[in-house]
Amino acid sequence: MSDVGNGFTTAGMARLRGLLNRYVESGQIPGLVALVSRGEEVHVEAAGTMRHDGGPAMRRDTIFRMASTTKPVTMAAAMVLLDECRIRLDDPVQEWLPELADRQVLVRPDGPLDDTVPAHRPITVRDVLSSTFGLGIDLPLMAAPIGAKIMEVAYYSPAAGSAVDPDAWLRLLGGIPLSYQPGQRWQYELSHDVLSMLVARVTGQTLGDFLGERVFEPLGMRDTGFWVGEAAIDRLPPCYMPDPGTGEFHVWDEAAGGSFSKPPMFHRGGGGLVSTVDDYHTYFRMLLAGGVHHGRRILSRPAVELMTTNRLGAEVQALRHQMAVSNVHLSYGQGQHGGWGFGMAVRTHRGDYSPIGQFGWDGGTGTSVYADPRHGVTGILLTQVGLSVPAPARLIHDFWTTVYQAIDA
């Protein structure tokens with residue numbers, strides 16, 4: 001049963017506006033931009049300032065570091081290639097990424113790095129798109145020998161991330177044993193950067209150029225990319241990672257002269273995009289429309305369905321959910337969706353106010369983007385405060401709780 005079409009209540013939107021303003025007035029979130037839409041009804045709220053100590057006001061066209069909310073968008077590049085049969089889900093990726101051929105796998109995921117066995121089979125495109133290729137951020141393994149190796153290639157530092165040579169990165173990754181057999185376990189982050197390399201090798205273009213040509217330009221996403229030009233750098237606020245103990249604001253990445261002020265060597269599909277609420281709204285509305293934007297097809301309907309429905313088997317999905325539940329004290333409830341599609345979470349059980357079928361993801365710089373096919377709702381919340389403190393994660397939770405109360409069913 002669909003509830004699409006009736007918009008939001010006036011009282012509900014007033015409550016949402018009040019919630020956003022309270023977070024800004026508390027001093028925990030310097031500024032934010034939020035967008036919610038249902039059918040043809042669109043509401044945008046901009047509150048606070050670009051810097052924690054004042055400065056220009058947040059605006060609708062403020063540009064944000066999208067962090068992990070990059071993943072649902074960069075996945076579109078792979079889906080274009082699948083639509084055109086330039087790659088296939090069960091192709092071994094070593095055809096284009098020979099650095100990942102002949103993999104060794106740890107006998108025990110938390111064991112010594114030289115205690116390995118050969119992989120049961122090659123890594124496939126499907127493994128990469130579903131984040132099950134055998135390596136990634138895996139909180140239970142962070143204290144194990146493989147954990148340190150994983151962090152060597154994760155590149156969460158802005159400065160390091162912009163200076164990484166992509167081919168050298170892939171060679172480094174190819175020298176690390178897999179922690180699990182391909183397809184055995186969902187693990188976070190690294191698969192999306194492997195995807196960047198796969199797209200580049202298949203197309204002969206950078207991920208950014210290919211996305212620009214096939215996705216961003218057709219959708220009119222003019223403010224989305226892997227860096228911000230000089231003419232728009234004043235629309236990019238600094239990004240803060242507050243001190244976890246004191247809450248004191250520390251600049252993690254400045255705008256002018258920062259890591260997004262120049263083209264990066266590596267277009268990271270896991271967390272490298274900058275964008276605006278309107279650009280992301282356009283993209284997610286295209287997904288809700290089955291791949292069509294203003295009569296122009298961007299992705300096939302089957303491609304969108306693959307992205308936005310659960311791709312994990314029952315055992316792998318249960319392990320992913322248990323990892324989220326076990327680390328609720330770190331994530332403040334984020335990640336407990338159940339399923340995972342291609343590049344994004346898919347809700348497969350009703351764990352909070354958000355319904356089954358909702359798809360999207362959150363980002364470590366205080367970003368959240370989801371769409372809901374049942375109600376026809378799209379919501380986007382963008383801040384410049386990283387998840388080193390609870391406030392941005394709690395805001396994300398409260399935002400969605402309030403949005404769903406505002407639906408005029």
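Higher on the page you've got the structure.
Residues numbered from 1 in each chain as written. Predicted model: local features only at pLDDT ≥ 70, side-chain atom pairs only at ≥ 80, totals over all residues. Heavy atoms only, no water.

## Some thoughts on helix H4 (residues 145-154)
Part 1: Those residues of H4 lying buried are Ile146, Gly147, Ile150, Val153 and Ala154. Along H4, the residues classed as buried sweep out an arc of 130 degrees about the axis, all on the same side.
Part 2: Turning to H4, the residues buried within the fold contact strand E5 (104-106), helix H6 (166-174) and helix H7 (190-203). (Buried < 20%, exposed > 50% of the residue type's maximum accessible area, 1.4 Å probe, protein only. Helix = DSSP H or I, 4+ residues; strand = E, 2+ residues; numbered from the N terminus. Arc of directions from axis to C-beta. Contact = heavy atoms within 4.5 Å.)

## Some points on the packing of aromatic side chains
Part 1: Throughout the structure, instances matching the rule amount to 12 aromatic pairs.
Part 2: Centroid distance Tyr283 to Phe284: 5.6 Å. Interplanar angle 75 degrees. Geometry classified as edge-to-face.
Part 3: Measuring from centroid to centroid gives 5.5 Å for Tyr370 and Trp400, while their planes differ by 90 degrees, and the two rings are edge-to-face. Remark: Trp400 occurs in helix H13 (residues 390-405) and Tyr370 occurs in strand E15 (residues 367-372); sequence separation between them is 30 residues.
Part 4: Exposure remark for Tyr370: the relative accessible area of 2% places this residue in the buried category.
Part 5: Grouping aromatic residues by their ring pairs yields a cluster made of Trp186, Tyr188, Trp340 and Trp361.
Part 6: The ring of Trp186 carries Arg320 above its face, with NZ or CZ at 4.7 Å from the centroid.
Part 7: Above the ring of Tyr370, the side-chain terminus of Arg347 is found at 5.8 Å from the ring centroid. (Phe/Tyr/Trp six-rings, centres within 6.5 Å; stacked < 30°, edge-to-face > 60°. Lys NZ or Arg CZ within 6 Å of the ring centre and 35° of its normal.)

## Quick word on the pairing of strand E1 (residues 31-38)
Part 1: Within E1, 8 of the 8 residues are buried, leaving the element largely enclosed by the surrounding structure.
Part 2: The side-chain alternation of E1 yields two buried faces, one formed by Gly31, Val33, Leu35 and Ser37 and the other by Leu32, Ala34, Val36 and Arg38.
Part 3: Sheet topology places E1 next to strand E2 (residues 41-51); 8 bridges connect them, and they run antiparallel. Across the sheet, residue Ala34 finds its bridge partner in E2, namely Glu45.
Part 4: Connecting E1 to the antiparallel partner E2 that follows it, the hairpin turn spans 2 residues, and Gly39 within it adopts a positive phi of roughly 60 degrees. (Pairing = 2+ DSSP bridges.)

## Focus: the packing of helix H2 (residues 71-83) against helix H8 (residues 207-219)
Part 1: Look at H2 against H8: their axes get within 10 Å of each other, and the N-to-C directions meet at 75 degrees. If you check the angle between H2 and H8, you find them roughly perpendicular. In this structure, H2 contributes Val73, Thr74, Ala76, Ala77, Val80 and Leu81 to the contact, and H8 contributes Leu207, Phe210, Leu211, Arg214, Val215 and Phe216.
Part 2: Split into classes, the residues belonging to the contact of H2 with H8 amount to 10 nonpolar, 1 polar and 1 charged. (Axes fitted to C-alpha atoms, helices over the stretch in contact; angles between N-to-C directions. Parallel < 35°, antiparallel > 145°, perpendicular 65-115°, else oblique. Nonpolar A, V, L, I, M, F, W, Y, C, P; charged D, E, K, R; others polar.)

## Considerations on the environment of Leu381
Part 1: Mapped onto the fold, Leu381 is located in strand E16 (residues 377-383).
Part 2: Residue classification places Leu381 among the buried positions, given a relative accessible area of 0%.
Part 3: For the pair Leu381 and Val251, spaced 130 residues apart in sequence, the C-alpha to C-alpha distance is 20 Å.
Part 4: Once you skip the residues sitting within four places of it in the chain, Leu381 turns out to touch Leu20, Val33, Ala34, Gly366, Thr367, Ser368, Leu395, Ile396 and Phe399.

## Remarks on unusual backbone geometry
Part 1: We note that Glu189 has phi near 85 degrees; this positive angle belongs to a residue other than glycine.
Part 2: Using a relative accessible area of 2% as the deciding quantity, one classes Glu189 as buried.

## Some words on helix H11 (residues 314-326)
Part 1: The end-to-end C-alpha distance of H11, which contains 13 residues, comes to 18 Å, matching closely the 18 Å that a straight helix rising 1.5 Å per residue would cover.
Part 2: Residues Val316, Gln317, Arg320, Met323 and Ala324 constitute the buried set of H11. For H11, the angular spread of the buried residues around the axis is 120 degrees, confining them to a single face. Pointing more than 90 degrees away from the buried face of H11 are the exposed residues Ala314 and Glu315. (Expected span 1.5 Å × (residues − 1).)

## Considering the side chain of His281
Part 1: Looking at the secondary structure, you find His281 in helix H9 (residues 277-288).
Part 2: On the accessibility criterion, His281 (10% relative accessible area) is buried.
Part 3: Setting aside residues up to four positions removed in sequence, His281 forms contacts with Leu35, Ser37, Val42, Thr378 and Ile380.

## Points about the nonpolar core
Part 1: By size, the foremost hydrophobic cluster in this structure holds 116 residues, and its most contacted members are Leu129, Trp169, Leu173, Tyr283, Leu287 and Leu299.
Part 2: Residue contributions to this core peak at 9 residues, all from H2.
Part 3: In contact with Leu287, not counting residues within four places along its chain, are Leu299, Val304, Met307, Met344 and Phe359. (Core = buried A, V, L, I, M, F, W, Y, C linked by side-chain atoms within 4.5 Å.)

## Side note on the environment of Gln405
Part 1: Structurally, the position occupied by Gln405 is in helix H13.
Part 2: Residues Gln405 and Met13 lie 392 residues apart in sequence; the distance between their C-alpha atoms is 9.1 Å.
Part 3: When near neighbours in sequence (up to four residues on either side) are disregarded, Gln405 contacts Arg15 and Tyr353.
Part 4: A distance of 3.2 Å separates a polar atom in the side chain of Gln405 from the backbone oxygen of Thr401. (Polar contact = N/O pair within 3.5 Å; in protein donor to acceptor, adjacent residues only side chain to side chain.)

Honestly, it's all geometry; don't read function into it.
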